[in-house]
Amino acid sequence: MSAWHRFDSPLLPVFQERFEQRWGKGTAPFLDPELHEEPLPRAQWINADTGAALAVVPVWSDDDDIRRSFAVLYLPPAGDIWLLRPGITNYIQSPRKDHITLRNDAFKKAVDHAEAFIHGPGGH
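Thresholds, definitions, all that
- Residues numbered from 1 in each chain as written.
- Predicted model: local features only at pLDDT ≥ 70, side-chain atom pairs only at ≥ 80, totals over all residues.
- Heavy atoms only, no water.
- Phe/Tyr/Trp six-rings, centres within 6.5 Å; stacked < 30°, edge-to-face > 60°.
- Helix = DSSP H or I, 4+ residues; strand = E, 2+ residues; numbered from the N terminus.
- Buried < 20%, exposed > 50% of the residue type's maximum accessible area, 1.4 Å probe, protein only.
- Lys NZ or Arg CZ within 6 Å of the ring centre and 35° of its normal.
- Core = buried A, V, L, I, M, F, W, Y, C linked by side-chain atoms within 4.5 Å.
- Contact = heavy atoms within 4.5 Å.

Enquirer: Where do I start with the packing of aromatic side chains in this structure?
Expert: Aromatic rings in a pair are described by how distant their centres are and how their planes are angled relative to each other. Going through the model one piece at a time under the given rule, you end up with eight aromatic pairs. With a centroid separation of 5.4 Å and 90° between ring planes, the pair formed by Phe-19 and Phe-30 is classed as edge-to-face. Of the two residues, Phe-19 sits in helix α1 (residues 13-23) while Phe-30 sits in the loop between α1 and β2 (43-47), which places them eleven residues apart along the sequence. Assigned by exposure class, Phe-19 and Phe-30 land together as buried. Where Tyr-74 meets Trp-82, the ring centres are 4.9 Å apart and the plane angle is 55°; that geometry is what we call tilted. The rings of Trp-4, Tyr-74, Trp-82 and Phe-117 are connected pair by pair, giving a single aromatic cluster. For Arg-6, the ring lying beneath its charged end belongs to Trp-45, and the centroid distance is 5.3 Å. A cation sits over an aromatic face here: Arg-68 above Trp-60, 3.9 Å from the ring centre.

The structure is reproduced here in structure tokens:
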């Protein structure tokens, strides 16, 4: 049995802390619950044995919060943050049905990539 478990509480603050330590203060508006409502959809896992964590989150820049993509962020137990590349997961944030479908497809692709990282290819 895997030590990795889904974590459905709000994003761990350590994601934002480590992201900004690595790429600079203010570079993670998508991880800051004080600046925006919680970005959805998202998925998170924690490894109970090692303390590592993994998250799939929508990302954008301050100058364009309409064009987004999904990132897979890995927090190794020893510190730092890794950005895992799930491939192209771009979408437009809007209420249009075709945009929501593209967003959901991009999210599924990023979650599949995260689960393959946790369990190995074909292991989930």
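Once the structure has been displayed, the description carries forward.
Enquirer: Just to check I follow, could you spell out the nonpolar core for this structure?
Expert: A general trend in soluble globular proteins is that nonpolar side chains are found buried together. Core analysis: the largest hydrophobic core is formed by 17 residues, its most contacted members being Trp-4, Trp-45, Leu-54, Val-56, Phe-70 and Val-72. Only β2, β3 (53-61), β4 (64-75) and α2 (97-119) provide two or more residues apiece to this core. Broken down by element, this core gets its largest block of residues, six residues, from α2. When neighbours within four sequence positions are excluded, Phe-70 is seen to be in contact with Pro-41, Val-56, Val-57, Pro-58, Pro-86, Thr-89, Tyr-91, Arg-103, Ala-106, Phe-107 and Ala-110. With 15 residues, the next largest nonpolar core counts Ala-53, Val-57, Val-59 and Leu-73 among its residues.

On their own, these measurements won't tell you what the molecule is for.
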